[in-house]
Amino acid sequence: GMRTVIGEGAATNPYNDIYNTEFMIVIGSNTTEAHPIISNRIVEMTVKHENLAVFDVREITLHRFAKYKGIIPHEANLLILNMLAYVIINEELYNEHFIEDRTQGFAEFKEQILNDPYANPKYFEQVEGYEYLSKLIPKVAREYALKKSMIFWGLGITEHTDGSYAVMAITHLALMTGNIGKQGAGL
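Residues numbered from 1 in each chain as written. Predicted model: local features only at pLDDT ≥ 70, side-chain atom pairs only at ≥ 80, totals over all residues. Heavy atoms only, no water.

S.K.: I'd like to hear about helix H6 (residues 106-115), residue by residue, with values.
M.R.: Looking at H6, one finds that the buried residues are Phe106, Phe109 and Ile113. The buried side chains of H6 occupy one side of the element, clustering within an arc of 60 degrees when seen end-on. Residues of H6 that are exposed and point over 90 degrees away from its buried face: Ala107, Glu108, Glu111, Gln112 and Asn115. (Buried < 20%, exposed > 50% of the residue type's maximum accessible area, 1.4 Å probe, protein only. Helix = DSSP H or I, 4+ residues; strand = E, 2+ residues; numbered from the N terminus. Arc of directions from axis to C-beta.)

S.K.: Go over the pattern of salt bridges with me, naming the residues and quoting the values.
M.R.: Scanning the entire structure with this criterion turns up five salt bridges. With a shortest N-O distance of 2.7 Å, Glu143 and Lys67 are connected by a salt bridge. Residue Glu143 is found in helix H7 (residues 133-146), and its partner Lys67 is found in the loop between strand E2 (52-56) and strand E3 (68-71); the two are separated by 76 residues along the sequence. Taking relative accessible area as the criterion, Glu143 reaches 11% and is therefore assigned buried. What makes Lys67 partly exposed here is its relative accessible area of 33%. Note that Glu143 and Lys147 form a salt bridge whose closest N and O atoms lie 2.7 Å from each other. Members of the salt-bridge network, linked through shared partners, are Lys67, Glu143 and Lys147. (Salt bridge = Lys/Arg side-chain N within 4 Å of Asp/Glu carboxyl O.)

S.K.: An account of the packing of helix H4 (residues 77-90) against H6 is needed here, citing residue identities and associated values.
M.R.: It is the contact of H4 with H6, at a shortest axis distance of 9 Å, that shows an interaxial angle of 110 degrees. One element, H4, and the other, H6, form an angle in the roughly perpendicular class. Crossing angle aside, the handedness with which H4 passes H6 is left-handed. Residue-level contacts link Asn82, Ala85, Tyr86, Ile89 and Asn90 of H4 to Phe106, Phe109, Lys110, Ile113 and Leu114 of H6. The residue makeup of the contact of H4 with H6, split by class, is seven nonpolar, two polar and one charged. (Axes fitted to C-alpha atoms, helices over the stretch in contact; angles between N-to-C directions. Parallel < 35°, antiparallel > 145°, perpendicular 65-115°, else oblique. Left-handed = near helix turned anticlockwise from the far one by under 90°. Contact = heavy atoms within 4.5 Å. Nonpolar A, V, L, I, M, F, W, Y, C, P; charged D, E, K, R; others polar.)

The structure is reproduced here in structure tokens:
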């Protein structure tokens with residue numbers, strides 16, 4: 001997914017950039033179990049700065065430290081990511097200069113997201129047990145867009161039928177907010 005969007009499939013930042021970020025999103029990764037060294041760095045920063053959002057289908061250890069805790073429905077990764085994009089676009093929180101200088105196709109992407117009836121977080125108001133996500137997702141989107149941010153994901157994203165598309169959606173979030181190509185902001 002990253003290779004399709006930005007021409008490279010590897011992490012964009014060294015892991016020490018965790019110490020230079022202002023906000024982090026972890027989605028589809030039981031980081032404590034699968035990547036304990038990275039998890040320790042995330043926890044250290046979160047304890048100091050309360051700057052973590054976690055989305056997963058189950059409660060994981062990182063939820064204990066997160067400012068925003070999202071238990072999401074199975075197979076809803078791409079839905080959640082598109083909802084984050086919807087809020088950023090709808091509230092015009094995107095980085096116009098970065099988009100203009102370093103991306104292409106944003107107008108079409110923007111139109112697709114805004115016209116997708118499932119991209120509005122209010123959709124969750126009608127999903128029993130997940131209603132709280134309609135208010136949580138906009139808060140996460142705002143912090144992600146307005147701060148120097150990083151997104152972390154794992155096999156809970158990549159090993160799904162729509163895994164490549166979800167990684168593309170993550171990369172689109174970074175590109176539309178300018179959260180890529182600088183210290184403390186990336187994928």
